[in-house]
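Spelled out, the chains give:
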Amino acid sequence: MDAIVAVYDDWGIGFEGDQPIAISADRKFFRSTTKGATVIVGRKTLAAFPGGQPLPNRRNIVLTRQNMQVDGAELAHCPEDAMQMTADDEQVFVIGGGLVYRQMLPLCSRAYVTKVHAAPKSDTWFENLDASDEWMLQEVLQSGEEDGIHYEMYLYVRKKEQ
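Below, the structure is looked at part by part. The written sequence of each chain sets the order in which its residues are numbered from 1. For a predicted model such as this one, the threshold for reporting local features is a pLDDT of at least 70, and the threshold for listing and counting side-chain atom pairs is 80 or more; totals across whole chains, interfaces and linings nevertheless cover every residue. Only hydrogens and water are set aside when side-chain values are computed; all heavy atoms of the structure are taken into account.

### A short note on the overall build of the protein
Keep this limit in mind: Here a strand is any run of E in DSSP of at least two residues, a helix any run of H or I of at least four, and the numbering for each starts at the N terminus. Our radius of gyration is a C-alpha quantity, and the globule rule it is checked against amounts to 2.2 Å times the number of residues to the power 0.38. The buried label goes to any residue with under 20% of its type's maximum accessible area, the exposed label to any with over 50%, and the partly exposed label to all in between, with areas taken from a 1.4 Å probe on protein chains only. Contact criterion: two residues are considered in contact whenever any of their non-hydrogen atoms come within 4.5 Å of each other. The Shrake-Rupley method, run with a 1.4 Å probe, gives the accessible areas here. Residue values count only the displayed protein chains as cover. In this tally, Asp and Glu contribute negative charge and Lys and Arg positive charge; neither His nor the terminal groups of the chain are included. Each charge is placed at NZ for Lys, CZ for Arg, CG for Asp and CD for Glu.
The helix and strand inventory of the protein stands at four helices and 10 strands. Counting helices and strands in the order they occur from the N terminus, the protein gives β-β-α-β-α-β-β-α-β-α-β-β-β-β. Radius of gyration (C-alpha) of the protein: 15 Å, near the 15 Å computed for a compact globule of 162 residues. Dimensions of the protein along its principal axes, counting C-alpha atoms only, are 40 × 40 × 25 Å. The buried share among the 162 residues of the protein stands at 46%. Considering only intrachain contacts with a sequence separation of at least 6, the fraction spanning at least 24 residues in the protein is 63%. Total accessible area on the protein stands at roughly 8700 Å², and carbon and sulfur atoms take up 45% of it. Of note, the protein has its 16 positive side-chain charges centred 3 Å away from the centre of its 24 negative side-chain charges.

Below is the structure:
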């Protein structure tokens, strides 16, 4: 299982349920990387998607404690349920939000992190993998600039998986 996330310089990922600064290259990378895979997403993050709908061309699993119905998605009520549901899936990505990342990151072996060099106000953060003893930077996948904002896309791996 892998995580995929865009973070700001302070490892913030969002404010009031939205992504303050979005880089189109990151969105394109996200689409191409997760296409055809299973994604695990929280209810609030799903609600922020266009039309509040599951992502197309992916198996969508919504991790929520609520009893609800989501057309085009399956529900998992705890991380263990999500793990069991995805046990036979070839590629699984945790795609947010903050609580889902906190619950699922310990189960991930890789993290695709786009670092957006900006510091908008955030109220939700991703774990700082640079400060973690459990993670190491393996590869710089891409770097660039968009609308005056620099970014890099990195692949981190869990050290014990090495």
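### Regarding the pattern of salt bridges
Rules: Salt bridge, as applied in this entry: a Lys or Arg side-chain nitrogen positioned within 4 Å of an Asp or Glu carboxyl oxygen.
Summed over all chains, the structure comprises five salt bridges. Between R110 and D2 there is a salt bridge, with its nearest N and O atoms 2.8 Å apart. Of this pair, R110 sits in strand β7 (residues 110-116) while D2 is found in strand β1 (residues 2-8), placing the two residues 108 residues apart along the sequence. The partly exposed category is assigned to R110, whose relative accessible area is 31%. For D2, a relative accessible area of 6% puts it in the buried group. Between R158 and E134 there is a salt bridge whose closest N-O contact spans 2.6 Å. Here R158, found in strand β10 (residues 149-158), pairs with E134, found in the loop between β8 (124-125) and β9 (135-146); they are 24 residues apart in sequence, far enough to count as distant.

### So, the pairing of β9
Here is the rule we go by: Only when DSSP finds a minimum of two bridges between them are two strands counted as paired.
The pairing of β9 with β10 spans 10 bridges and is antiparallel. Counted as the bridge partner of E145 is H150 from β10. Hairpin remark: β9 followed by β10, antiparallel, with two residues in the connecting loop; positive phi at D147, about 50°.

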